[in-house]
Amino acid sequence: LRLDLLQVKQYNCHLQSKEFFFFNDTATTEIYTEQIVGSVRCVQETGINAEYMGIQQQQMTNKIYSDVFSYKTQKLQIAATLAGLDYEIVYLKMEDFKKPEFLAKNPNGKIPVLETPQGILLESNAILRYIARTALNTGLYGVNSYENSCVDQWLDWVSNELDPVIFQIVIPILGYSSPDTNTYLDARNNYYRIFTILENHLRQHTYMVGHQLTIADISVAVILVFAFRLCFGEKDRQRFPSIVRHTLTVASLQNFQRFCGRLIICKKEFSPFSELPIEHNDKQKEAKNPKQYQQQQPKKESKKEENS
């Protein structure tokens, strides 16, 4: 069931006997949906008070609490903009996460947090689903119950599979952890396995779910920004052309660039910060022997390879 909710903006929704009723303070608007999607007939009846029906107009603005670097907040901002959801963002510093006033909102002391008129929402995927559900007519959450579940499936897959493997590669490159040769090579092997799963899916589908953009596409593309900048080199792009096509499609959207910036693509994958040399192999089995990747100390006079 899809409704053009933009036609009834500023009204509250009450579900009763499979009919949708949208109220303001003094009137009721009944919207009956026909079998044809998008065919909406509005009949306004006056004289019914919303308070009598137990419904109160909500005027509070949605607030997203985050820091300025959170990629998880970026996907929320993209989705909220596409959904037409009014919100304001409150940027916090790291020390603010442990303050009592923020811990009252999220006892975990983590971001992002969404404050809605109905209450607080935690966890970025839960917030992302909430945003998509506020504008079902956009298709951001799929167009039927099956596609809804497919979107949920890929959101969980990104969180449990794609996000961790990318950060296992990216964190040593950025110098936030000391790279261990065996661990890094295992992460590389897992990286190729996960990217192969994604490539095989996108080879058969233009979008992650259905025939239009959903929050699953946004979730995938936002995390792949890190890979394209740091570890998804030219050889990887040749190996995974469907991932390249999908990422370029989503990253070209104006609302994506508004929050994530222009997609930057490295010519060659960066090595970890301590200059651990990484050889690129097209076959995963060739990368399973850690002895061929003994760490070497670079000469001081050698120039670092240029990346863009």
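Note that the coordinates shown come from a computational prediction; the quantities given were computed from them, not determined experimentally.

Peer 1: Break down the overall build of the chain for me, citing the residues and quoting the values.
Peer 2: What the chain contains, in helices and strands, is nine helices and eight strands. Buried positions account for 42% of the 308 residues belonging to the chain. With an accessible surface of roughly 17,500 Å², the chain has 49% of that area assigned to carbon and sulfur atoms.

Peer 1: Describe in detail the sheet that holds strand β5 (residues 62-66), supporting the description with residues and values.
Peer 2: Within the open sheet, the four strands sit side by side as β6-β5-β7-β8. Their pairing is mixed. The two strands at the open ends of the sheet, each matched to only one other strand, are β6 (87-91) and β8 (120-122). Neighbour-to-neighbour, the strand axes of this sheet turn through a mean angle of 20°, independent of strand direction. One ladder, built from five bridges, connects β5 with β6; its direction is parallel. In the strand pairing of β6, Ile64 is matched with Ile89. The sheet contacts of helix α1 (residues 71-83) involve β5 and β6, and relative to β6 the element is tilted by about 165°. Packing of helix α3 (residues 124-133) onto the sheet brings it into contact with β5, β7 (113-115) and β8, and relative to β8 it is tilted by some 125°.

Peer 1: Account for helix α6 (residues 215-230), with residues named and values stated.
Peer 2: Look at α6: 24 Å from first C-alpha to last across 16 residues, which is about the 22 Å you get at 1.5 Å a residue. In the structure, α6 departs most strongly from a straight axis at Leu224, where the bend amounts to approximately 30°.

Peer 1: Could you give an account of the environment of Ala83, naming the residues involved and the relevant values?
Peer 2: In this structure, Ala83 sits in helix α1. Ala83 sits in the buried class, given a relative accessible area of 10%. Measuring from C-alpha to C-alpha, the distance between Ala83 and Arg133 comes to 8.9 Å, with 50 residues separating the pair along the chain. Once residues within four sequence positions are removed from consideration, Ala83 is found in contact with Ile131, Thr134, Ala135, Thr138 and Leu140.

The rules we used
- Residues numbered from 1 in each chain as written.
- Predicted model: local features only at pLDDT ≥ 70, side-chain atom pairs only at ≥ 80, totals over all residues.
- Heavy atoms only, no water.
- Helix = DSSP H or I, 4+ residues; strand = E, 2+ residues; numbered from the N terminus.
- Buried < 20%, exposed > 50% of the residue type's maximum accessible area, 1.4 Å probe, protein only.
- Areas by Shrake-Rupley, 256 points an atom, 1.4 Å probe, with all protein chains shown as cover.
- Pairing = 2+ DSSP bridges.
- Axes fitted to C-alpha atoms, helices over the stretch in contact; angles between N-to-C directions.
- Contact = heavy atoms within 4.5 Å.
- Expected span 1.5 Å × (residues − 1).
- Bend = angle between axes of the 7 residues up to and from the residue.

That's the geometry; what it means functionally is another story.
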